[in-house]
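Chain residues, written in single-letter form:
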Amino acid sequence: METIYRRPALLADLPTHYCPGCGHGTVHRLVAETIEGLGIGSRTICVAPVGCAVLAYKYFVLDCCVAAHGRAPAMATGLKRVLPDRVIFTYQGDGDLASIGGNEILHAALRGEPITIIFVNNGVYGMTGGQMAPTTPLGMRTTSSPLGRDSQQQGYPIHLPELLAALPGVAYAARRSTHSVAEIRRARQAIQRAFTVQLRGLGLGIVELLGACPTNWQVTPVEALEFIEQVMLPVYPLGEFKVAAELGA
Amino acid sequence: MARELWKGNEALAEAAVRAGAEAFFGYPITPQTELLEYMARRMPELGRTFLQAESEIAAIHMVYGAACAGVRALSSSSSPGISLMQEGLSYLAGSEVPCVLVDIMRGGPGLGNIQPSQSDYFQLTRSAGHGDFHPLVLAPSTVQEAVDLMYASFDLAFGWRTLVILAGDGTLGQMMEPVEMPPMRALAVERPDWALTGAAGRSPRVISSLYLDAAELEQSNLRLQAKLQQMAATQQRWESFCVEDADYLVVAFGTVARIAQSAVRAARRAGIRVGLFRPVTLWPYPRQPLDAICPQLRGVLVVEMNGGQMVEDVRCVVRERVPVRFLGHLGGVIPMPDEIEAELAQLVSLSGRAAFS
Amino acid sequence: MAQGTLLIQTDRCKGCGLCIRACPQQVLVAGQHFNALGYQPVQLDEALRRCTGCGVCAWVCPDLVFTVYRESAGRAG
Ligand SMILES: Cc1ncc(C[n+]2csc(CCOP(=O)(O)OP(=O)(O)O)c2C)c(N)n1
Ligand code: SF4
Ligand code: SF4
Ligand code: SF4
Ligand SMILES: [Mg+2]
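Computed from a predicted model, the values in this text were never measured in an experiment.

What counts and what doesn't
- In every chain, residue numbers begin from 1 and rise along the written sequence.
- Key to labels: chains lettered from A, ligands numbered from 1, both in the order written.
- Restriction of local features to residues with pLDDT of at least 70 applies here, the model being predicted, together with a cutoff of 80 or more for giving and counting side-chain atom pairs; totals for whole chains, interfaces and linings are based on all residues.
- Just so you know, side-chain values use all the structure's heavy atoms and leave hydrogens and water out.
- By the criteria applied, helices consist of DSSP H or I runs no shorter than four residues and strands consist of E runs no shorter than two, each listed in order from the N terminus.
- Here the globule rule reads 2.2 Å times residues to the power 0.38, and the radius of gyration is calculated from C-alpha atoms.
- Note on exposure labels: buried denotes an accessible area under 20% of the residue type's maximum, exposed denotes more than 50%, and partly exposed covers the range between, all computed with a 1.4 Å probe on protein chains only.
- Residue contacts follow a heavy-atom distance rule, with two residues in contact if any of their heavy atoms lie within 4.5 Å.
- Under the convention used here, a 1.4 Å probe and the Shrake-Rupley method define accessible areas, while residue burial counts only the protein chains that appear.
- In this description, buried area is defined as the sum, over both parts, of the accessible area (probe of 1.4 Å) that is lost when the two are combined.
- A side-chain nitrogen of Lys or Arg and a carboxyl oxygen of Asp or Glu constitute a salt bridge if their distance falls within 4 Å.
- Here a polar contact is taken to be a pair of N or O atoms separated by no more than 3.5 Å, where protein atoms must pair a possible hydrogen donor with a possible acceptor and residues adjacent in sequence count only if both atoms sit in side chains.
- Under the scheme applied, nonpolar residues are Ala, Val, Leu, Ile, Met, Phe, Trp, Tyr, Cys and Pro; charged residues are Asp, Glu, Lys and Arg; polar residues are all the others, including Gly.
- By definition, two strands form a pair when at least two bridges between them are found by DSSP.
- Angles shown run from 0 to 180 degrees and are taken between the N-to-C directions of axes, each axis being a line fitted to C-alpha atoms and, for helices, limited to the stretch in contact.
- Nearness here has a simple test: a residue counts as near a molecule or strand if at least one of its heavy atoms is within 4 Å of that partner.
- Remark: nonpolar core denotes a set of buried residues (Ala, Val, Leu, Ile, Met, Phe, Trp, Tyr, Cys) joined through side-chain atoms within 4.5 Å.
- Our angle categories are set so that under 35 degrees counts as roughly parallel, over 145 as roughly antiparallel, 65 to 115 as roughly perpendicular, and the remainder as oblique.
- Crossings are classed by handedness, with left-handed meaning an anticlockwise turn of the near helix from the far one by less than a right angle and right-handed meaning a clockwise turn.
- In summary, the charge assignment counts Lys and Arg as positive and Asp and Glu as negative, without counting His or the chain termini.
- For a helix, the expected span equals 1.5 Å multiplied by the number of residues minus one.
- The angle separating two fitted axes, one through the seven residues that finish at a residue and one through the seven that start at it, defines the bend at that residue.

This paragraph deals with the overall build of chain B. Check the secondary structure of chain B and you find 12 helices and 15 strands. The C-alpha radius of gyration computed for chain B amounts to 21 Å, which stays within 12% of the reference 21 Å derived for 357 residues, consistent with globular compactness. Expressed as lengths along the three principal axes of its C-alpha atoms, the size of chain B is roughly 75 × 50 × 40 Å. Within chain B, the fraction of its 357 residues that count as buried is 60%. Once local pairs closer than 6 in sequence are excluded, the contacts in chain B between residues at least 24 apart make up 79%. If you sum the accessible surface of chain B, you get close to 13,400 Å²; carbon and sulfur atoms cover 53% of it.

Below, the structure written as structure tokens:
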């Protein structure tokens, strides 16, 4: 018998607190597999966010700390500056990274901090019960945009990897999704690249991952995959927006 | 070692370097900026970390990150910047990660001005962030004392796993005084047993201030409270001048205490038996020594560069045994010795008993 | 066709159904019993013997419920 799949040892053998079908579970797995595959688990430090993934430190079998809401890139900067040979990554939601932490990610990217940003976009503030996020698609109803997001009132969704790709300090910027096996495989490759640019000292690596929040989208986990395809994908095209030349194709 | 002239802000920076600071993160703000500028030159020269952050919010979280790695990290700012840092200070307190912060206070509220002030007394001692905690707050009155306290601050911070804040005002930051610098310390090679370094050959470590369970958070808080009580009992620092036979007492901290000392000398020459009590720690407040002086007193005068903040601590200790008067200036106006003398004379006449020797 | 088999950590399953939808062989079904988390964990319909050990279920499961094995002989096919 050949083992085709076994859970990564870098994820604690515990049930998670995530809802059924939550995108965070899949992204945790991909991150743990990547770190394990790169053989860097004993020198990697995770900076957890405020959001549903605040408990990431319980699941990653890594040294971890928890930042204040949105400040993970600043905390990661502090860690990386004093531990340049360690691998530092932040794991952040869309409210955390793209709203309250907008300035921290922008400036970490401008400085080209060699850190990795794992950015889970579920289009809502999951933890606080489904309010509008900067990533909420136009027209989408949330508890704080009950009539649907209206660009006149609430502005437009943010495309963070595209924005950051324009900065010279960014070595890798991509958006991937978790709604199908094929996309999950591509997501894993993108995460690997976002770590590789750090390992090679090329600059900041960021991957946005479209992930399901069935609970706040008020759909079943299976319907949530369709939601990603039908509602999220038209707003958030998948792709690599910046790949440092040194990384190769 | 020879004494040299140092500007307060730069002396604080060099003292931090000599105390083994490995990382500085800050954001420009008057009247503190020379400290940041000094670090910008000095830290890279020694192969240590200097980074100008995008905001005070980012600066304190960079300090938090570096401090999580167990290194001696610090930041410095002035009043409005400290307000922005409060989020980080609370997280540092909640996770008991040690670091040092300098606050060269200026006038407020709002943008206020860049003149010297002591208006952060409440902010630093009472409300440095949400949740139940107090930083250890040190208030030097001379540049030499600023250097000595900075030199001791990291040992205090790491020993107690606490946040240490050096509180000075714009005057202290800007003035030049002769200073004897302490020797350069070797950097610590060992990291503390809670530091994040990558879990090589050991089980993973977590630094967090999150306790979702009410009972657990209470337990964590009770542990913090017990530590704070222990600090309160053992870490009070103060200095007194001419209190042995004093009938009256002036209480002042920082540079105001120096002005008050001139006033006390003059009042003594005029025959008033007055002494000076100068808290060096603003938290914990030196309650016991102040309380011990109270029985001999007929009146107390508190002088501050704010609207009356430390005076509340003094009133708590004096407990209406004798009158407590307050003289304050705000917005960068510095109290003058003759004003303090005049207030003392008022106090003497109001306290109703013969006070002249 | 290769022959595969699964170790299903039923106490972790949250019954989200993503694996059931994704399995190319359609050999996963929702169970009848509830686990300690309060969900009905998936089961492999062993009678069908159609699991190829492709690993798709493990790729889509957010809760790391599966360990996937395949008969070595099947690799040639
Ligand atoms: C300073 C601050 N403001 C607000 C909150 C409340 N809060 C907690 S999580 C969160 C939003 C999280 O949303 P997101 O980052 O998208 O993560 P998700 O839960 O969706 O994964 C908010 C607003 C907080 N903890 N701290
Ligand atoms: S609320 Fe949404 S993001 Fe949070 S755990 Fe549930 S599904 Fe996941
Ligand atoms: S390994 Fe493939 S065939 Fe077998 S149950 Fe999983 S998805 Fe279905
Ligand atoms: S994907 Fe995982 S959690 Fe969801 S039903 Fe299948 S085994 Fe259970
Ligand atoms: Mg979200």
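The next subject is the interface of chain A and chain C. Listed per partner, the contact involves 32 residues of chain A and 29 residues of chain C. At the boundary of chain A with chain C, total buried surface from both sides reaches about 2,700 Å², with 59% on carbon and sulfur atoms. Its largest share of buried area at the contact with chain C, chain A owes to M1, E2 and Y5 of chain A, together 24% of the area lost on that side. Counting across the interface, chain A meets chain C through two salt bridges. Summed over the shared surface of chain A and chain C, the result is 10 residue pairs in polar contact (both at pLDDT 80 or more). Elements supplying a minimum of two residues to the side of chain A that touches chain C: β1 (2-5), α1 (23-38), α8 (181-199) and α10 (221-235) of chain A. Per-class residue counts for the side of chain A that touches chain C are 17 nonpolar, seven polar and eight charged. Two elements, β1 of chain A and strand β4 (residues 66-70) of chain C, share three bridges in a ladder whose sense is antiparallel. Considered in β4 of chain C, the bridge of Y5 of chain A is made with V68 of chain C.

A few words now on the sheet that holds strand β14 (residues 299-304) of chain B. All names here are of chain B. Here we have five strands laid out as an open sheet, ordered β10-β12-β11-β14-β15, and mixed in their pairing. In this open sheet, the two strands that pair with only one neighbour each are β10 (238-241) and β15 (324-328). Each adjacent strand pair in this sheet contributes to an overall mean axis angle of 20°, direction not counted. Relative to β14, strand β11 (residues 248-251) runs parallel, the two being bridged by four bridges.

Take the sheet that holds strand β4 (residues 87-93) of chain A next. Across the sheet, which stays open at both edges, the eight strands sit in the order β10(A)-β8(A)-β9(A)-β5(A)-β4(A)-β2(A)-β3(A)-β9(B) with mixed pairing between neighbours. Whereas interior strands pair on both sides, the edge strands pair on one side only; in this sheet they are β10 (239-243) of chain A together with β9 (206-207) of chain B. Bridging between strand β2 (residues 44-48) of chain A and β4 of chain A involves four bridges; their strand directions are parallel. Directly across from C46 of chain A, in β4 of chain A, lies its bridge partner F89 of chain A. Contacts between α8 of chain A and the sheet are confined to β4, β5 (116-121), β8 (170-177), β9 (204-210) and β10 of chain A, with β8 of chain A contributing the most and set at about 165° to the helix.

All names here are of chain A. Of all residues adjacent to ligand 1, which total 16 residues, the nearest are H24, C52, D94, D96 and G126. At 2.9 Å from an oxygen atom of ligand 1 is found a main-chain nitrogen or oxygen belonging to G95. In this structure, an oxygen atom belonging to ligand 1 sits 2.9 Å away from a main-chain N or O atom of M127. In isolation ligand 1 has 590 Å² of accessible area, and contact with the protein removes 76% of it.

Turning next to the nonpolar core. Soluble globular proteins tend to bury their nonpolar side chains together. Ranked by size, the top nonpolar core spans 131 residues in total, and within it M39, V251, V300 and V314 of chain B carry the most contacts. The leading source of residues in this core is helix α6 (residues 143-160) of chain B, at 11 residues. Ignoring sequence-local partners within four residues, the contact set of V251 of chain B consists of F277, P279, Y285, L290, V300, L301, V302, V303, M310 and V314 of chain B. Counting residues in hydrophobic clusters, the runner-up holds 66 residues, among them V87, Y91 and V181 of chain A together with L44 of chain C.

Before going further, it helps to examine the packing of helix α1 (residues 8-18) of chain B against helix α2 (residues 33-45) of chain B. Residue and element names in this part refer to chain B. Between α1 and α2, the shortest axis-to-axis distance is 8 Å and the interhelical angle comes to 40°. By the angle between their axes, α1 is oblique relative to α2. At the point where α1 passes α2, the crossing takes the right-handed sense. Judged by residue contacts, N9, E10, L12, A13, E14, A16 and V17 of α1 engage E34, L35, Y38, M39, R41, R42 and M43 from α2. Looking at the contact of α1 with α2 residue by residue, the classes come out as eight nonpolar, one polar and five charged.

A separate point is α1 of chain B. Within α1 of chain B, 10 of the 11 residues are buried, which leaves it mostly tucked inside the rest of the structure. Backbone geometry just downstream of α1 of chain B places G20 of chain B in the positive-phi region, at approximately 100°.

Glycine aside, negative phi is the norm for most residues, and most peptide bonds take the trans geometry. Residues and elements named next belong to chain B. Residue G108 is joined to P109 through a cis peptide bond whose omega torsion reads -5°. Despite not being glycine, E96 has its phi angle at roughly 55°, a positive value. Positionally, E96 belongs in the loop between α4 (79-95) and β5 (99-105). In this structure E96 comes out as buried when scored by relative accessible area, which is 12%. Residue R319 is not a glycine yet carries a positive backbone phi of 50°. Judged by relative accessible area, which is 53%, R319 ranks as exposed.

Residues and elements named next belong to chain A. Relative to the helices and strands, K80 is located in helix α3 (residues 72-82). Despite being buried, K80 has no salt bridge partner; D85 is the closest side chain of opposite charge, sitting 7.3 Å away. Within the local environment of K80, its side chain forms a polar contact with the backbone oxygen of R86, the two atoms lying 2.6 Å apart. Beyond its immediate sequence surroundings of up to four residues, K80 is in contact with R86, V87, I88, P114, I115 and Q198.

Residues that lie three or four places apart on an α-helix share one face, since the helix turns once every 3.6 residues. Between its terminal C-alpha atoms α2 of chain B stretches 19 Å, which fits the 18 Å expected from 13 residues at 1.5 Å a residue. When the local axis directions of α2 of chain B are compared, the greatest deviation, roughly 30°, occurs at M39 of chain B.

Another aspect to go through is the interface of chain B and chain A. If you look at the interface, chain B gives 34 residues, while chain A gives 32 residues. Across the chain B/chain A interface, buried area totals approximately 2,500 Å², and carbon plus sulfur atoms make up 65% of it. Linking R202 of chain B and D63 of chain A is a salt bridge whose minimum nitrogen-to-oxygen distance equals 2.6 Å. Where chain B touches chain A, the interface holds 13 residue pairs in polar contact (both at pLDDT 80 or more). Contributing elements (two or more residues each) for the side of chain B that touches chain A: β2 (23-26), β3 (49-52), α3 (56-68), α4 and β9 of chain B. Residues belonging to the side of chain B that touches chain A are distributed by class as follows: 22 nonpolar, eight polar and four charged. Across two bridges, the pairing between strand β3 (residues 63-66) of chain A and β9 of chain B is parallel. Considered in β9 of chain B, the bridge of C64 of chain A is made with V206 of chain B.

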